[in-house]
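# Observations on chain architecture
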Protein chains: 2
Amino acid sequence: MQTSAPIRQIRLHAFEMACVGHIQQGMWRHPRDRATGYTRLDHWVALARTLERGLFDGLFLADVLGVYDVYGASPDAALRAGVQVPNLDPALLVPAMAHATRNLGFAITANAAATHPFVFARQMSTLDHLTGGRIGWNVVTGYLDSAARALGRDGQADHDSRYDAADQVMDALGRLWRESWQDGAVTADRDTGVYTDPARVHAVIGAGQGWRTDAIHLCEPSPQRGPVIYQAGASARGLRFAADHAECVFVNATTPAQTAGLVAALREAAGARRVQVFAGMTVVAGRTPAEAADRYADYERYADPEAAMVQSAGSMGVDFAVLAEDEAIRMVPTQAVVSNLAALTAGPAVTKRGWRERLRLGGRQVPVVGSPAQVADAMQDWMAQADLDGFVLARTVTPECFVDFVDLVVPELQRRGVYKTAYADGTLREKLFDRK
Amino acid sequence: MQTSAPIRQIRLHAFEMACVGHIQQGMWRHPRDRATGYTRLDHWVALARTLERGLFDGLFLADVLGVYDVYGASPDAALRAGVQVPNLDPALLVPAMAHATRNLGFAITANAAATHPFVFARQMSTLDHLTGGRIGWNVVTGYLDSAARALGRDGQADHDSRYDAADQVMDALGRLWRESWQDGAVTADRDTGVYTDPARVHAVIGAGQGWRTDAIHLCEPSPQRGPVIYQAGASARGLRFAADHAECVFVNATTPAQTAGLVAALREAAGARRVQVFAGMTVVAGRTPAEAADRYADYERYADPEAAMVQSAGSMGVDFAVLAEDEAIRMVPTQAVVSNLAALTAGPAVTKRGWRERLRLGGRQVPVVGSPAQVADAMQDWMAQADLDGFVLARTVTPECFVDFVDLVVPELQRRGVYKTAYADGTLREKLFDRK
């Protein structure tokens, strides 16, 4: 059979976080799970090698700067179950993984308001240099009040003004990365002793909420100059921010149809600008449907849906601890959680009991469980229905979930001609956008 | 011959910075110099392996957050000669080097005022986890006006108040690192599903100049809990700060006698608290005195004393560009550079010409040039005269300067019984203080 258009290639990121419980809560209790090794470099280097063996485009590292303390109005439940706390700074995981790989990209999450833009610009340029042009930045504006208090604010600013502030940061960062050092500024001429031509280096003057700067960027131009910009906001304001800045967008929705609406709105807002869109997905694969079902049943015994409620409480701003089992989840849209609530309210009213049932593997993502062919079918279905460029795969029992995916599903995708058989040359941006 | 006391062991750090021109300016032009590889991880991993082969205690990474723009009232001369600009964030070099080594320590320089303490606390705890307890922090308060402007201030605060501000930061950091998570807080019990006992985790409330925090520390206790604290200030206020906080002090002075005064003052101020003191030193070693002299002559041909003046101008607050050759260096003590000027003014008046002559290898440190025996003699002489614990060795032509030191001088020091033949067990702090 001939198709009129080339078959769309699936791009993959792994979704990880330097903590015990990331997306599917409770999995760390599984005897084969190694998430508690998150403080060791070996743990991360092994993961990076597995992902590169599977030709993943990137490792997407989540982050929060606070704790989930909406559930029971206390951080106790999050601490007890290890829900994204304790955690580590994701930027510092990258260099060791980059040294052990050649092609894998690294998209790290960082709050645009937590570090002075002049300092942050150097951190990202440093990572872009050290990775040889394989760094991405998932821009977040923060949504936890606990993070705001940690940073000395009385609470989060309202949702839209956080994005306004992020626009100002993006402007200064863009100029530090792209305008402070012109092409050709670095001559590195051993004979004349001139390393840099000062006529081609320019100060950047900028200001935003709580910061000012007047400085040349400290780093010479890195391979990509600036990181590939990732974004995950699904609110109207988040969508506009993504349309203005993002090169890659990470969407989280329950069904392909629901995702299709988000993606269409995003692509329309971006206009002529090409944006890669990836959907969050949890996969439990086995060699056969029966093996996958067994594996899923095994995993589910260790899931901690109550811990997942703790995470939902933080991300949606709903204190599940005080709701009765059959009480409908109160839609109290706060400025902090517009997009998360919107995703939930898109369907019919949900009770606390109903929500917990949805979280039965320990997280909001309903897993795709199946043989390589079944998983590949599901992925191709999502791609086609929702006009996607690929997926961000959450961990279940780690690292075996990624090892299984690479060993079982990747070859099936390759057989179908929807997945690369070798990395392209070039930087992360060049690889993602076929520019080299 | 029997000595009444055990022979004092020499401890060594290498002094490096992620830039082209660090301490001895111009060396990057030498055909064998590889400093321009500072943006590549391989460059740093190879260095770390060399240092570990030589049983160095640590790699001391310098940093500045601004540019040297006092000379000619412009950053142009610093840019042209590559004087500590462009540069990279030193913290991000550590993870790859840590993964390639097992015992080498890493002391990174960071300005206590450039990053919010809550965020900085996590960065350092992350590094302490990832290195398995091998991280140190060289606390600086900044002295370049260009750095202050980059961070949105009108200029540097006065010298002593910068240390007052740093005291407040140290207090909050100490509580985040040592009090937020009690021993035993992490249970990681797979059977009960309890990762952390919330009763043993406590919020830290603190405030200082321009920041507040109210948060639990995000990281579980790391091997050392907090980094080994290094400090290099030599002013009266800097000395008090060191006496209060520092575990290791890095002194820079011209002669053993001058150093002895500083060290005595420091040890007296620290009282019963044991502090390790290291002196800056530049070594050019050869197998014989003649070979060392040849090597020095070869290096000197590439030195850039004028670039060294650019660095001196920034660190001393004296614009050498406007001085006549035989004009005495004007002692205009600014709040920014108290200690640097003090070191200079300790001797007789110095002219611009005289100062340049001192900088003839491209930096202020007058190199020790000689055979392994001559270098070992000089080191033992400094140790005895100035009551030192060891040295911080600056680079000349890199990496060969460190390879030469490891191959030639280390065996000589070992033969004399003044240098370890194997690493001790334990964290950096335990190794430095013989605590394990």
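Scroll up to find the structure.
First things first, this report covers the structure right here in the doc. This one's a predicted model, so the numbers in the text were calculated from it and none came from an experiment.

Packed helices, taken two at a time, are described by the angle between their axes plus the distance between the axes. Residues and elements named next belong to chain B. At their nearest, the axes of helix α6 (residues 159–178) and helix α7 (residues 236–245) sit 9 Å apart, and the two run at 15° to each other. One finds that α6 runs roughly parallel with respect to α7. The hand of the α6/α7 crossing is right-handed. On the side of α6, the interface is formed by H159, D160, Y163, D164, A166, D167 and M170, while α7 contributes R237, G238, F241 and H245. For the contact of α6 with α7, the residue count by class is four nonpolar, three polar and four charged.

Moving on: the packing of helix α1 (residues 41–53) of chain A against helix α14 (residues 400–415) of chain A. Residue and element names in this part refer to chain A. Two numbers describe how α1 lies on α14: the axes approach to 9 Å, and their chain directions differ by 20°. In terms of axis orientation, α1 runs roughly parallel to α14. When the axes of α1 and α14 are compared, the crossing they make is left-handed. Note on element contacts: α14 touches α1 through F402, V403, V406 and D407, opposite L47, T50, L51 and R53. Considered class by class, the residues forming the contact of α1 with α14 number five nonpolar, one polar and two charged.

Turning our eyes to something else, we now look at the environment of E412 of chain B. All names here are of chain B. With respect to the helices and strands, the residue E412 is situated in helix α14 (residues 400–415). Among the residues examined, E412 registers a relative accessible area of 13% and is labelled buried. Residues E412 and V375 lie 37 residues apart in sequence; the distance between their C-alpha atoms is 9.1 Å. Discounting residues that sit within four places of it in the chain, E412 has contacts with P372, A373 and A376.

Each copy of the sequence occupies a distinct position, and chain A is placed on chain B by a rotation of 180° and an axial shift of 0.0 Å, giving an RMSD of 0.0 Å. Expressed as a symmetry operation, the mapping of one chain copy onto the other fits a two-fold axis. Rotation axis and chain A: the residue whose C-alpha lies nearest the axis is A96 of chain A, separated from it by 2.0 Å.

When you line up the elements, N87 of chain A lands in the loop between α2 (76–81) and α3 (94–99). For N87 of chain A, the side chain forms a polar contact with the side chain of R122 of chain B, separated by 2.9 Å. Apart from residues no more than four positions distant in its own chain, N87 of chain A is found in contact with M17, A18, C19, Y38 and V64 of chain A together with R122, L218 and C219 of chain B.

Reading the values: rules and limits
Residues numbered from 1 in each chain as written. Chains lettered and ligands numbered in written order. Predicted model: local features only at pLDDT ≥ 70, side-chain atom pairs only at ≥ 80, totals over all residues. Heavy atoms only, no water. Axes fitted to C-alpha atoms, helices over the stretch in contact; angles between N-to-C directions. Helix = DSSP H or I, 4+ residues; strand = E, 2+ residues; numbered from the N terminus. Parallel < 35°, antiparallel > 145°, perpendicular 65-115°, else oblique. Left-handed = near helix turned anticlockwise from the far one by under 90°. Contact = heavy atoms within 4.5 Å. Nonpolar A, V, L, I, M, F, W, Y, C, P; charged D, E, K, R; others polar. Buried < 20%, exposed > 50% of the residue type's maximum accessible area, 1.4 Å probe, protein only. Least-squares fit on C-alpha atoms with pLDDT ≥ 70 in both. Polar contact = N/O pair within 3.5 Å; in protein donor to acceptor, adjacent residues only side chain to side chain.

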